[in-house]
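A look at the structure
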Amino acid sequence: MKLNLELARKYSRPGPRYTSYPTAPQFGEAVGAEDYLNELSNPQVPVTPEISLYFHLPFCRSLCYFCACNVIITHRREPIADYLQLLKKEIDLVARHMADGRKVGQLHWGGGTPTYLTADEIKDLMGHIRSRFAFSADAEVSVEIDPRELSADQAEALAEAGFNRASCGLQDFNGEVQKAVNRLQSYEQTEGVLELLRDNGIEHVNLDLIYGLPHQTVESFARTLEQVLTLHPSRLAVYNYAYVPWLKKNQTMIDEAWLPGPEVKLEMFAHIITALTTTGNMTFIGMDHFARHDDELATALERGALHRNFQGYSTRAGLDLYALGITSIGQTRNYYVQNHKQISRYRQSVEAGQLPTERGIRLTDEDHLRRRVIQDIMCRFELNLPDLEQAFNIDFRDHFAPELKALAPFEADDLLVDEGDRLLVTEQGRLFIRNIAMTFDAYLPKNGGGQAVATSDTPQYSKTV
Ligand code: SF4
């Protein structure tokens, strides 16, 4: 697969990643704990028999200057132990209100650095989770790992806790890049951690890279990719770095002059696509995700069984997602809800026996429809008009007349084909999937032609290409 650079220049603009629709900037304080509680415990609300659980573990030993996550930097163990106690209380609260018989089909620990927890803390937290929730036999149980923070004891503890997939942060192997972002991590260290995980039976290991970091060049990143492929990851995520120092203070440590320009970034992305889908022998999943041909994600893509949630692409079909810990975002049938960002407010709620929901959004019928459309574009790369018309009782061409008009440039550029009953995203179109999805986002400002445009509200998003 090759990236057409001319089209990339034309369509490169900030845009959402659509891990949710409506996206997080639309969440507000009108939705709170009571709404969530009602949704959670109301027997009238349809629920999925399997659920997904997310746990946010925000602690890190040191700050990477590029980081855009919600993190707490500490060298002390007490705040971590204290947070884990609060998290257990929240687990009890959520479990208490959940209907019986639902099983965990997917679980993820994200951060921060989940492996900043000691081996005992890992076992204790997972023991508590398993005492409150039943797991499906084939549950996907995954964890984010910082290879600089993983000992043999911790790897054993993760295996004992039942983790079967790990995502390792890596970003770039180049020493100059690593120094500029305050994250030194050698090839040998990363290789050792992958071995440790595999020796403990955690076979599925993903690696996360970032392009667009300080001092990166097409050649230097190509070298990193070569090294990465020798580690045989199951999946690779290669994120486009979003430089937003006005939102993330730590990014002010990075001088803008050190960053590769937009043209270099496009060339890097073109190289990434070609290298990974040819010599790397990986399947391009969508946006910035690649998977080995035999990986579940690649086979799900082939079967049209791919989904998208706050963890990105997923093979588990639209499970209700209950997210625990500060800042985490959950998704139920009718709501997105986000927990308090401030640990003091999170503590206050949890200790008072209340769900620590800070804000969220209730989906309207129109949101449900557009969420399904955007999900189908992002995951199936097609819209089946009769299916959508039947599911939502609409005349698609009538309902989305302005959007269909706004899609004309994508059709003219061979990124989308209108087959009458189906709108099909072409192979080249998959590289511009966010742009196509943005056309159906009712909350984004549009130009006279109906195309989504960047505004002062959108720089928080990374560029679509
Ligand atoms: S990139 Fe990862 S390890 Fe670095 S500060 Fe952010 S969450 Fe912590």
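Residues numbered from 1 in each chain as written. Predicted model: local features only at pLDDT ≥ 70, side-chain atom pairs only at ≥ 80, totals over all residues. Heavy atoms only, no water.

**A closer look at empty space enclosed by the protein**
Space left empty within the atom packing is revealed by a probe, the size of a water molecule, rolled over the atoms. Rule in force here: Using a grid of 1 Å spacing that covers the protein atoms alone, one calls a set of points a cavity when a 1.4 Å probe fits there but cannot get out, and a pocket when the set is open and has protein on both sides within 12 Å along at least five of seven lines; lining residues are those with an atom within 4 Å of a point. Grid points are joined across faces, edges and corners, and a volume is the space filled by probe spheres set on the points. Note on conventions: DSSP H or I runs of at least 4 residues are helices, E runs of at least 2 residues are strands, and numbering of each starts at the N terminus. When residues are sorted by character, Ala, Val, Leu, Ile, Met, Phe, Trp, Tyr, Cys and Pro go into the nonpolar class, Asp, Glu, Lys and Arg into the charged class, and all the rest, Gly among them, into the polar class. An automatic or database domain assignment supplies the residue ranges for each domain.
What the rule picks out here adds up to four cavities of 30 Å³ or more. Roughly 80 Å³ of volume is contained in the largest cavity. If you list the elements that add at least two residues to the lining of the largest cavity, you get β8 (235-240) and α17 (433-438). Residue composition of the lining of the largest cavity, by class: seven nonpolar, two polar and three charged. The two domains that each donate at least three residues to the lining of the largest cavity are domain 1 (1-14 + 364-456) and domain 2 (23-324). In this structure, the second largest cavity occupies an estimated 50 Å³ of space. Along the walls of the second largest cavity sit R13, F410, N435, M438, T439, Q451 and A452, which together make up its complete lining. Taken together, the residues of the lining of the second largest cavity sort by class into three nonpolar, three polar and one charged.

**Focus: the pattern of salt bridges**
Convention followed: We define a salt bridge as a contact between a side-chain nitrogen of Lys or Arg and a carboxyl oxygen of Asp or Glu at a distance within 4 Å. Residue exposure (1.4 Å probe, protein chains only): buried if accessible area is under 20% of the type maximum, exposed if over 50%, otherwise partly exposed.
Tallied over the full model, the rule gives 26 salt bridges. A salt bridge links R76 to E78; its shortest N-O distance comes to 3.5 Å. The partner of D146 in a salt bridge is R183, with the nearest N and O atoms 3.3 Å apart. With a gap of 37 residues between them, D146 in the loop between β5 (134-145) and α5 (152-160) and R183 in the loop between α6 (175-180) and α7 (187-199) connect regions that are remote in the sequence. There is no split in this pair, since D146 and R183 are both buried. Each of E140, R165, R235 and D295 takes part in a single network of salt bridges with overlapping partners.

**Quick look at the layout of surface pockets**
By volume, the second largest pocket amounts to about 730 Å³. The set of elements that each furnish at least two residues to the lining of the second largest pocket consists of β11 (307-309) and α12 (365-380). Examining the composition of the lining of the second largest pocket, we find that eight residues originate from one element, α12, more than from any other. Among the residues making up the lining of the second largest pocket, the classes are represented as 10 nonpolar, 13 polar and eight charged. If you count residues domain by domain, the lining of the second largest pocket takes at least three from each of domain 1 (1-14 + 364-456) and domain 2 (23-324).

**Description of the sheet that holds strand β18 (residues 416-418)**
The strands making up a sheet are joined through hydrogen bonds of the backbone, oriented either antiparallel or parallel. Rules: By the convention used here, strands pair only if DSSP detects at least 2 bridges between them. Note on geometry: axes are lines fitted to C-alpha atoms, helical ones only across the stretch in contact, with angles between N-to-C directions running from 0 to 180 degrees. Any pair of residues with heavy atoms lying within 4.5 Å of one another is described as a contacting pair.
With antiparallel pairing, the three strands of this open sheet are ordered in space as β17-β19-β18. Where the open sheet ends on each side, the last strands, each with one partner, are β17 (382-384) and β18. With strand direction ignored, the average angle separating the axes of adjacent strands in the sheet is 15°. Sheet topology places β18 next to strand β19 (residues 422-425); three bridges connect them, and they run antiparallel. Counterpart to D418 in the pairing with β19 is L423. Most of the contacts of helix α13 (residues 385-392) go to β17, to which it runs at about 55°, and overall it touches β17 and β19.

**Things to note about α7**
Quick reminder of the rule: To estimate the expected span of a helix, subtract one from its residue number and multiply by 1.5 Å. Picture the helix axis, draw a direction to every C-beta atom, and the arc is the one those directions span.
Here α7 is 13 residues long and its end C-alpha atoms lie 18 Å apart, about the 18 Å a rise of 1.5 Å per residue gives. Among the residues of α7, those classed as buried are Y187, T190, V193, L194 and L197. Looking straight down α7, one finds that the buried residues subtend no more than 130° of arc, so they occupy a single side. What points out from α7, more than 90 degrees from its buried face, is the exposed set E188 and D199. The elements touched by buried residues of α7 are β5, α5, β6 (165-171), β7 (204-211) and α8 (218-229).

**Some thoughts on the site of the ligand**
Rules: Whether a residue is near a molecule or strand depends on its heavy atoms: it is near if one of them lies within 4 Å of it.
Around the ligand lies a shell formed by C60, S62, C64, F66, C67, V71, G112, T113, D146, R148 and R183. Considering only residue class, the shell around the ligand consists of five nonpolar, three polar and three charged.

**A word on the domain arrangement of the chain**
Put simply, the test is: As used in this structure description, the phrase polar contact means that two N or O atoms lie within 3.5 Å; if the pair is within protein, one of them must be able to donate a hydrogen and the other to accept it, and residues adjacent in sequence are counted only when both atoms belong to side chains.
By the assigned domains, the chain splits into domain 1 (1-14 + 364-456) and domain 2 (23-324). The C-alpha centroid of domain 2 is placed 28 Å from the C-alpha centroid of domain 1. Contacts between domain 1 and domain 2 engage 16 residues on the former and 19 residues on the latter. The interface formed by domain 1 and domain 2 contains one salt bridge. Between R9 and E263 there is a salt bridge, with its nearest N and O atoms 2.6 Å apart. At the surface where domain 1 touches domain 2, the tally comes to five residue pairs in polar contact (both at pLDDT 80 or more). Contributions of two or more residues to the side of domain 1 that touches domain 2 are made by α1 (5-11), α12 and α17. Sorting elements by how many residues they give to the side of domain 1 that touches domain 2 places α12 first, with four residues.

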